[in-house]
Amino acid sequence: AIETASDADMLRHLLEVKGVTQTQLSRETGLAKSSVSEVLTGKKPFSRRMIRKLADYFNVDVSVLATYL
C-alpha cells in the first residue's frame, strides 16, 4: 500500500513541479503567506478554502488535495 502524503509533502511537491515559490503562490492565489508557511511546516492542515484555491491554481482535482472534503 502507498502511504498518503501529508499536506506539507503534497504542497511542497506541487510548488516544486510548477517551479513557484511560497511568495508567488500567495500572491497569485490570494492565500496568506503565513497560511502557506504553516502548512509547509506541518503546523496546520489544508483548509477547505485553501484546497479549492490550490486545486484551481495547480490544475488538479480537489480529491488530490483533500482526504475528507
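Residues numbered from 1 in each chain as written. Predicted model: local features only at pLDDT ≥ 70, side-chain atom pairs only at ≥ 80, totals over all residues. Heavy atoms only, no water.

*Asks:* I would appreciate a short explanation of the nonpolar core in the present structure.
*Replies:* Among soluble globular proteins, nonpolar side chains are generally buried collectively. Residues Leu11, Leu15, Leu25, Phe46, Leu54, Phe58 and Leu65 are the most contacted members of the largest nonpolar core, which totals 19 residues. In terms of residue count, the dominant contributor to this core is helix α4 (residues 48-58) (six residues). Ignoring sequence-local partners within four residues, the contact set of leucine 15 consists of Val20, Thr21, Gln22, Leu25, Leu40 and Phe58. (Core = buried A, V, L, I, M, F, W, Y, C linked by side-chain atoms within 4.5 Å. Buried < 20%, exposed > 50% of the residue type's maximum accessible area, 1.4 Å probe, protein only. Helix = DSSP H or I, 4+ residues; strand = E, 2+ residues; numbered from the N terminus. Contact = heavy atoms within 4.5 Å.)

*Asks:* Just checking my understanding: could you explain the packing of aromatic side chains for this structure?
*Replies:* The geometry of an aromatic ring pair is captured by the separation of the ring centres together with the interplanar angle, meaning the angle of the planes. With the rule as written, the count across this model stands at one aromatic pair. Between the aromatic rings of tyrosine 57 and phenylalanine 58, the centroid separation amounts to 4.9 Å while the plane-to-plane angle is 85°, which identifies the pairing as edge-to-face. As far as the burial class goes, tyrosine 57 and phenylalanine 58 line up, both buried. A cation sits over an aromatic face here: lysine 18 above tyrosine 57, 4.2 Å from the ring centre. (Phe/Tyr/Trp six-rings, centres within 6.5 Å; stacked < 30°, edge-to-face > 60°. Lys NZ or Arg CZ within 6 Å of the ring centre and 35° of its normal.)

Structural measurements only, silent on function.
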